[in-house]
Amino acid sequence: MAPEESAEAACLLPNFERRFLAARALCSFPWQSLEEKLRDSSGPELLLDILHKTVKHPLCVTHPPSVKYARCFLSELIRKHEAVHTEPLDELYEALAEVLMTVEPTQCHRSYLLPSGDSVTLSESTAIISHGTTGLVTWDAALYLAEWAIQNPAVFAHRTVLELGRGAGLTGLAICKTCRPSAYIFSDCHSCVLEQLRRNILLNGHSLEADATNPERNPGHTCDSESPRVTVAQLDWDVVTASQLTAFQPEVVIAADVLYCPETVLSLVRVLQRLSACLGDQQAPDAYIAFTVRNPETCQMFTNKLGSAGIPWEAVPHHDQKLFPYEEHSEMAILKLTL
């Protein structure tokens, strides 16, 4: 491969790698750029590099994506190759044959590369809505909030973080791996979400403590430890008591993509108001709520209800550094609340 071709491929490869590892929609891949590079290239090196950065990536070999997703990706890659070159590329067909012989499981994996060189791998349901909840997949606002957190580690360093309505766990695991919190509490009301959270926490090398309200349960864990105390708590916003919230002793509260309907907005504001009221002399934590603006009226309802509850808020400036692949045209926001 010529030096200029190598430089162009170096820009294209990370794009394919990050999107495939995260199992993003195939229409979001830079296929047109690939076709142009293939027309200018005389050999199969670029396609082989893409194959090893995607389907043959070590993360995908160990924790594979959906079989259907891998099949569709390889089929598209083969089509792009055949549109330009007459000679078949055996490696592509062999990879497709291997995928075609694989049975589709109910769980698949997505992986996200961190700036540190580490990664977060998640086991997710192959269905968008499973067991009556949307919490078994990663939504774009969780990626957006994780990016912001990685760029602002001081917000979380050596502090106890409570995450409300936690989904598959991407944001929290990214914070645990890059921001050095002293303790992190994942919470949700659905038992199936909590069970998947536990699997994902262990999958990413963290140990779990049984009790989110008792930091002494693991006497060997100190504040100077490299890894935080990680716990999972069942927390229903509509029935949680003040004493339960007080026991968590959060210093930072976060939530992502939880403003999807008026009912959840009302429940979220109530639990934030209850949390604020029960802290007593403890310094009020800041809360960061990230969301995709799908319905402006729902977002307006949220800020109106915060005002009625006496919870001050301000919009966090948009960040420019995009670390994770998500829908570029989506409007996303983070609000900082003072409880």
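Residues numbered from 1 in each chain as written. Predicted model: local features only at pLDDT ≥ 70, side-chain atom pairs only at ≥ 80, totals over all residues. Heavy atoms only, no water.

Examining helix H8 (residues 170-178)
Link 1 in the chain: When you tally the buried positions in H8, you get seven out of nine residues, the bulk of the element.
Link 2 in the chain: Of the residues making up H8, those classed as buried are Leu170, Thr171, Gly172, Leu173, Ala174, Ile175 and Cys176.
Link 3 in the chain: Arg180 lies just past H8 and shows a positive phi near 55°. (Buried < 20%, exposed > 50% of the residue type's maximum accessible area, 1.4 Å probe, protein only. Helix = DSSP H or I, 4+ residues; strand = E, 2+ residues; numbered from the N terminus.)

Brief notes about the pairing of strand S5 (residues 229-234)
Link 1 in the chain: For S5, the buried fraction is high: five of the six residues fall into the buried class.
Link 2 in the chain: Examined bridge by bridge, strand S4 (residues 183-188) and S5 share six bridges and lie parallel to one another. Counterpart to Phe186 in the pairing with S5 is Val232. (Pairing = 2+ DSSP bridges.)

Some thoughts on the packing of aromatic side chains
Link 1 in the chain: Per the stated rule, a full pass over the model turns up 13 aromatic pairs.
Link 2 in the chain: Centre to centre, the rings of Phe16 and Phe73 are 6.4 Å apart; their planes meet at 65°, and the pair counts as edge-to-face. Taken together, the residues span a long stretch of sequence, with Phe16 in helix H1 (residues 3-21) and Phe73 in helix H5 (residues 67-84) at a distance of 57 residues. One exposure class covers both Phe16 and Phe73, and it is buried.
Link 3 in the chain: For the ring pair Trp148 and Tyr288, a centre distance of 4.9 Å and an interplane angle of 40° mean the geometry is tilted. Residue Trp148 is located in helix H7 (residues 140-151), and its partner Tyr288 is located in strand S7 (residues 286-292); the two are separated by 140 residues in the primary sequence. Of the two residues, Trp148 and Tyr288, neither departs from the other in class, the shared state being buried.
Link 4 in the chain: Ring pairs connect the aromatic residues Phe16, Phe20, Phe29, Trp31, Tyr69 and Phe73, which therefore count as one cluster.
Link 5 in the chain: When the ring centre of Tyr326 is taken as origin, the NZ or CZ atom of Lys322, which lies over that ring, is 4.5 Å away. (Phe/Tyr/Trp six-rings, centres within 6.5 Å; stacked < 30°, edge-to-face > 60°. Lys NZ or Arg CZ within 6 Å of the ring centre and 35° of its normal.)

A look at the sheet that holds strand S6 (residues 252-256)
Link 1 in the chain: Taken in spatial order, the seven strands of this open sheet run S5-S4-S3-S6-S7-S9-S8, and their pairing is mixed. Two strands close off the open sheet at either side, each with one partner strand: S5 and strand S8 (313-315). For this sheet, the mean inter-axis angle between neighbouring strands, taken without regard to orientation, is 20°.
Link 2 in the chain: Each of strand S3 (160-164), S4, S5 and S6 touches H8; the most contacted strand, S4, lies at about 175° to it.
Link 3 in the chain: The strands touched by helix H12 (residues 296-308) within the sheet are S7, S8 and strand S9 (332-338), with S9 carrying the most contacts at an inclination of about 5°. (Axes fitted to C-alpha atoms, helices over the stretch in contact; angles between N-to-C directions. Contact = heavy atoms within 4.5 Å.)

The values reported here are purely geometric and, on their own, carry no functional implication.
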